[in-house]
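Chain by chain, the residues:
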Amino acid sequence: MTARQTRVGIIGAGPAGLALALLLERAGIESVVLERHTREYVENRIRAGILEYEVAELLRANGVGARMDREGFRHAGTNLLFDGALHHIDFAALTGKHVMLYSQHEVVRDLIAARLAQGGEIRFGAEVAEIAAIGGPRPVLHWREAGGERALACEIVAACDGFHGVGRAALAGALTGAMDAGALDAGGMESFDRAYPFAWLGILAAVPPAKEELVYASHAEGFALLSMRSATVSRLYLQCAPDELLSAWPDGRIWEALARRLAHPGFTLPTGPILQKSVTPMRSFVSEPMQAGRLFLAGDAAHIVPPTGAKGLNAAVADAAVLARALVRALRDGDERGLAGYSATCLDRIWKIERFSWWMTAMMHRFADHSAFDRRMQHAELEYYTSSLAGRTALAENYVGLPLYGEEG
Ligand code: FAS
Ligand code: PHB
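None of these values were measured; they are calculated from a predicted model.

In the neighbourhood of ligand 1, 32 residues make up the surrounding shell, with Glu35, Arg45, Arg47, Gln104 and Asp300 lying closest. In the model, an oxygen atom of ligand 1 is placed 3.2 Å from a nitrogen or oxygen of the proline 15 main chain. With the chains in place, 88% of the 1000 Å² that ligand 1 exposes on its own is no longer accessible. Elements with a minimum of two residues in the shell around ligand 1: helix 1 (15-26), strand 3 (31-35), strand 10 (126-132) and helix 9 (312-331). Looking at the shell around ligand 1, its residues break down into 15 nonpolar, nine polar and eight charged.

Right, dumping it as structure tokens:
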């Protein structure tokens, strides 16, 4: 089979892969995106909702921020609710920054439209089965499309293929191969994993948002989150069992539980038709390193966070930004130092994101095995991080987003 050629082969048309493709194209570096699902599927996959300050700025700077600014919501703060009292965290006053509330699937739509308008290539229905020759100068992507086998020879492969993709396993194999071959600096892949004893039951409802900004609620029954998608659609979540059956949650039960958990003086939760329900498991996961030979992982392919800190989508775009900058320096300017340091640069920022997401989750959720002392610790955390200026600032600077390129700046 004769392999097609490209400079960068990108697996996955999620936020990481599409952001990488956009940034490379704007620097004049050719790439091909291979996506196993259809365009319609990826453009309608309901997921995240918050864009960090620098991620929103990156989209604007690269010509894909107009619809976000037109249809998204600018949020200068958020609310923590506990003991029936609301505590506002003022991002703008504490950090000078804000976040954008704009659905992930809308970002994906905008990135796909920009990619196609640039004349860039995205092949939908193209499932990558194997990444070959990772250690050599021309790795090859083997993929299936419309029943045929195809191959793409690349200078670089970016596995932006999510947690269930092929990239992480291929990278682990490449690292093992390097060790077996006696490469002095080779080490194996190391994974770090934490599962949580609960999940989120999420709904989309045809109900106007009941608040201007988000409300994160810590309640004796469990966590709840009030978010939104537009002036007429709300997005809400409640903590549930990790193996929760949606059939056990008719609409009425969902609304009653949300009303109890979000209750505070002067607040009434409006109810209405639920358009979509889903259960999202909670997990913290990191695999190190994020590169081997000419293969680089970005986004959920390398790390997962519980959605409490609204970091998954943002971490994926941040990896893509770091990788794009390193690839431009290497492929256009011949300077490979950024590529050599890619994994270290990303992991430094990722572990801080993992910490924040784990901390928000530990502070806000109900753990069945918690002792009375544990519960007092949670309460003290909530009291401190809402009453202390230093505490509120720490929460705000993590929520609006750490610098995209880390210490590199
Ligand atoms: P993605 O998983 O988005 O994209 C990977 C792409 O690669 C997919 O389109 C997949 O089809 C494709 N792919 C995989 N294997 C392939 C192969 N072999 N060949 C070709 N293509 C392949 N984050 C938040 O911040 N807030 C939230 O509320 C939130 N909710 C979530 C709810 C759910 C159900 C899930 C699963 C995740 C949620 N996340 C949330 C996290 C989510 O937003 C991810 O962090 C984000 O999608 C990561 O983007 P990517 O790394 O691009 O991976
Ligand atoms: C969302 O609107 O989907 C959302 C917002 C904030 C989070 C998680 C999800 O922390």
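Now for the packing of aromatic side chains. Pairs of aromatic rings are described using the distance from one ring centre to the other and the angle between the two planes. Taken as a whole, this structure holds 13 aromatic pairs when the rule is applied. Their ring planes at 15° and their centres at 5.2 Å tell us that tryptophan 200 and phenylalanine 223 sit as a pair that is stacked. One end of the pair, tryptophan 200, is in strand 14 (residues 190-205); the other, phenylalanine 223, is in the loop between strand 15 (215-217) and strand 16 (224-228), with 23 residues separating them in the sequence. Tryptophan 200 sits in the buried class, given a relative accessible area of 2%. Aromatic rings pair up to connect Phe91, Trp200, Tyr216, Phe223, Tyr237 and Tyr399 into one cluster. Between the NZ or CZ atom of arginine 253 and the centre of the ring of tryptophan 249, over which it lies, the distance is 3.7 Å.

Here we come to the pattern of salt bridges. Tallying each qualifying case throughout the model produces 23 salt bridges. Among the salt bridges present, the one from arginine 123 reaches glutamate 145, with a minimum N-O distance of 2.7 Å. With arginine 123 in strand 9 (residues 121-124) and glutamate 145 in strand 11 (residues 140-145), this pair connects stretches of sequence that are 22 residues apart. Look at arginine 123 and you get partly exposed, because its relative accessible area is 22%.

When the domains of the protein chain are assigned, the result is domain 1 (4-49 + 103-189 + 289-360) and domain 2 (196-281 + 367-400). With 16 residues of domain 1 in contact, the opposing surface of domain 2 contributes 13 residues. Carbon and sulfur atoms supply 61% of the area that domain 1 and domain 2 bury against each other, a total of about 1300 Å² over both sides. Three residues stand out in domain 1 for area buried against domain 2, namely Ile46, Pro307 and Trp359, and they jointly supply 37% of the buried area on that side.

To continue, consider the sheet that holds strand 14. Strand order in the open sheet made by the eight strands is 7-6-15-16-17-14-18-21, with mixed pairing throughout. With one partner strand each, in any of the chains shown, strand 7 (85-90) and strand 21 (303-304) form the two edges of the open sheet. Bridge analysis of strand 14 against strand 17 (residues 234-240) gives seven bridges, and the strand direction is antiparallel. Its bridge partner being in strand 17, glycine 202 is matched across the sheet by tyrosine 237. Against the sheet, helix 8 (residues 251-261) touches strand 6 (77-82), strand 14, strand 15, strand 16, strand 17 and strand 18 (274-288), its axis set at about 85° to strand 17.

Bringing the nonpolar core into the picture now. Of all hydrophobic cores here, the largest spans 79 residues; its most connected members are Ile10, Leu20, Leu51, Ile131, Leu141 and Leu327. When residues no more than four places from it in sequence are discounted, the contact partners of leucine 51 are Leu59, Met68, Val99, Met100, Tyr102, Val107, Leu313 and Asn314. Counting residues in hydrophobic clusters, the runner-up holds 53 residues, among them Ala217, Leu225, Leu236 and Leu238.

Moving on, we get to the pairing of strand 17. Across the seven residues that make up strand 17, a large majority, seven, are buried. Residues Ser234, Leu236, Leu238 and Cys240 point to one face of strand 17 and Arg235, Tyr237 and Gln239 to the other, with burial holding for every one of them. Looking at chain direction, strand 16 and strand 17 are connected through five bridges and run antiparallel. Note that in strand 17 the partner of alanine 224 across the bridge is leucine 238. Linking strand 16 to strand 17, which pair antiparallel, is a turn of five residues.

Going from glutamate 288 to proline 289, the amide bond is cis rather than trans, its omega being -10°. Relative to the helices and strands, proline 289 resides in the loop between strand 18 and strand 19 (291-292). Although it is not a glycine, aspartate 83 sits at a positive phi angle of roughly 50°. Here aspartate 83 is to be found in the loop between strand 6 and strand 7. Non-glycine residue alanine 310 carries a positive phi angle of around 55°. Within the fold, alanine 310 resides in the loop between strand 21 and helix 9. Exposure remark for alanine 310: the relative accessible area of 16% places this residue in the buried category.

Bringing the site of ligand 2 into the picture now. Surveying the vicinity of ligand 2 reveals 16 residues, the closest of which are Tyr216, Ser227, Arg229, Tyr237 and Pro307. In the environment of ligand 2, an oxygen atom lies 2.7 Å from a nitrogen or oxygen atom belonging to the side chain of arginine 229. The side chain of tyrosine 237 places a nitrogen or oxygen atom 2.6 Å from an oxygen atom of ligand 2. With the chains in place, 97% of the 280 Å² that ligand 2 exposes on its own is no longer accessible. Listing elements by their share of the shell around ligand 2, those giving two or more residues are strand 16 and strand 17. Classifying every residue of the shell around ligand 2 by side-chain character gives ten nonpolar, three polar and three charged. Counting only domains with at least three residues in the shell around ligand 2, you end up with domain 1 (4-49 + 103-189 + 289-360) and domain 2 (196-281 + 367-400).

Cut-offs and rules
- Residues numbered from 1 in each chain as written.
- Chains lettered and ligands numbered in written order.
- Predicted model: local features only at pLDDT ≥ 70, side-chain atom pairs only at ≥ 80, totals over all residues.
- Heavy atoms only, no water.
- Near = heavy atom within 4 Å.
- Polar contact = N/O pair within 3.5 Å; in protein donor to acceptor, adjacent residues only side chain to side chain.
- Areas by Shrake-Rupley, 256 points an atom, 1.4 Å probe, with all protein chains shown as cover.
- Helix = DSSP H or I, 4+ residues; strand = E, 2+ residues; numbered from the N terminus.
- Nonpolar A, V, L, I, M, F, W, Y, C, P; charged D, E, K, R; others polar.
- Phe/Tyr/Trp six-rings, centres within 6.5 Å; stacked < 30°, edge-to-face > 60°.
- Buried < 20%, exposed > 50% of the residue type's maximum accessible area, 1.4 Å probe, protein only.
- Lys NZ or Arg CZ within 6 Å of the ring centre and 35° of its normal.
- Salt bridge = Lys/Arg side-chain N within 4 Å of Asp/Glu carboxyl O.
- Domains from an automatic or database assignment.
- Contact = heavy atoms within 4.5 Å.
- Buried area = accessible area lost by both parts, 1.4 Å probe.
- Pairing = 2+ DSSP bridges.
- Axes fitted to C-alpha atoms, helices over the stretch in contact; angles between N-to-C directions.
- Core = buried A, V, L, I, M, F, W, Y, C linked by side-chain atoms within 4.5 Å.

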